[in-house]
Amino acid sequence: KEKIEITKEQQALMKIILDAYNRHQIPQDVAKKLLQDQYSAEENFLLLTEMATSQVQVLVEFTKNIPGFLSLDHEDQIALLKGSAVEAMFLRSAQVFSRKMPKGHTEVLEARIRKSGISEEFMTPMFNFYKSIGELHMVQEEQALLTAITILTPDRPHVKDQHAVERLQESMLDVLRKLCALQHPQEPQYFARLLGRLTELRTLNHYHTEMLTSWRMNDHKFTPLLCEIWDVQ
Ligand SMILES: N#Cc1ccccc1NC(=O)[C@H](C1CCCCC1)n1c(-c2ccc(Cl)cc2)nc2cc(F)c(F)cc21
């Protein structure tokens with residue numbers, strides 16, 4: 001049985017990533033709002049654009065704390081942020097959805113989201129993803145590392161120095177692999193299942209523009225930042 005050892009520098013890296021992840025969370029909790037009241041499609045759409053806009057801002061702050069990220073080519077930094085923002089939003093939403101909640105709250109939350117204005121056809125893939133994330137019962141460190149690994153995906157469009165990104169991602173993957181082995185010793189496949197979620201996350205990427213433009217209302221208004229990040233308007 002090989003001894004899995006997280007090195008001192010890997011512990012330091014994990015602490016930096018976790019602190020950054022916790023520091024850069026959106027203050028206002030959308031789940032609480034959705035549990036309190038039923039909103040119209042227009043109000044829900046506005047809530048989503050507000051959440052997504054602040055999510056991009058916190059994503060930039062989080063990413064700046066990833067060791068080595070600021071040493072990457074500046075245009076590659078932008079390409080990585082642009083390429084991962086939607087996935088980070090769905091990953092964040094999944095983590096919010098799979099949080100431990102009082103009895104019956106998750107069902108209410110799901111019902112509210114189902115009636116928020118999103119077209120029916122996207123519900124299954126979206127909730128399948130949320131539930132598959134929930135089944136993993138990730139600890140905070142795993143959530144933070146998974147978000148960092150998503151951002152450091154080398155094959156995003158327009159990334160020039162993919163090897164430089166690969167090297168950063170690999171050091172995150174190595175820490176996550178060891179953490180999974182230590183946190184889930186009975187589940188040798190856990191790390192592989194975690195990475196499998198990233199593949200499922202990419203499929204949601206394909207749907208997101210249509211999810212937004214088919215929101216059951218007319219005249220979809222986006223913030224300038226979202227027009228940049230989401231291929232809309
Ligand atoms: N959470 C969260 C979150 C954090 C940062 C950025 C966006 C977020 N997501 C959101 O606010 C939306 C709300 C916005 C109002 C209308 C109902 C959905 N959301 C989404 C959802 C994101 C996108 C797209 Cl196209 C469809 C759905 N899946 C959610 C799951 C949850 F459990 C949850 F509470 C909220 C969730």
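Residues numbered from 1 in each chain as written. Predicted model: local features only at pLDDT ≥ 70, side-chain atom pairs only at ≥ 80, totals over all residues. Heavy atoms only, no water.

**Structural notes on the overall build of the chain**
Helix and strand counts for the chain stand at ten helices and zero strands. Start at the N end of the chain and walk to the C end: the helices and strands fall as α-α-α-α-α-α-α-α-α-α. Here the C-alpha radius of gyration of the chain, 18 Å, is about what a compact globule of 233 residues would show, namely 17 Å. C-alpha extents for the chain along the principal axes are approximately 55 × 45 × 30 Å. With 233 residues in all, the chain has 49% of them scored as buried. Put simply, 76% of the contacts in the chain that link residues at least 6 apart link residues at least 24 apart. Taken as a whole, the chain presents about 12,200 Å² of accessible surface, with 56% of it coming from carbon and sulfur. Both charge centroids of the chain, one from 27 positive and one from 32 negative side chains, sit 6 Å from each other. (Helix = DSSP H or I, 4+ residues; strand = E, 2+ residues; numbered from the N terminus. Rg over C-alpha atoms; globule rule 2.2 N^0.38 Å. Buried < 20%, exposed > 50% of the residue type's maximum accessible area, 1.4 Å probe, protein only. Contact = heavy atoms within 4.5 Å. Areas by Shrake-Rupley, 256 points an atom, 1.4 Å probe, with all protein chains shown as cover. Lys, Arg positive; Asp, Glu negative; His and termini not counted. Charge placed at Lys NZ, Arg CZ, Asp CG, Glu CD.)

**Focus: the site of the ligand**
Taken together, 22 residues are adjacent to the ligand, and V30, M51, S93, F97 and Y130 come closest. The separation between a nitrogen atom of the ligand and a polar side-chain atom of Y130 is 2.7 Å. Listing elements by their share of the shell around the ligand, those giving two or more residues are α2 (30-36), α3 (41-64), α4 (74-97), α5 (105-114) and α6 (123-134). Considering only residue class, the shell around the ligand consists of 17 nonpolar, four polar and one charged. (Near = heavy atom within 4 Å. Polar contact = N/O pair within 3.5 Å; in protein donor to acceptor, adjacent residues only side chain to side chain. Nonpolar A, V, L, I, M, F, W, Y, C, P; charged D, E, K, R; others polar.)

**Describing the nonpolar core**
Membership of the largest hydrophobic core comes to 80 residues, with the highest contact counts inside it found for I17, I66, F90, M126, M172 and W230. For this core, the leading source of residues is α4, giving twelve residues. Those residues within four positions of I17 in sequence are excluded, and the remaining contacts are F62, I66, P67, A144, L145, A148 and M172. (Core = buried A, V, L, I, M, F, W, Y, C linked by side-chain atoms within 4.5 Å.)

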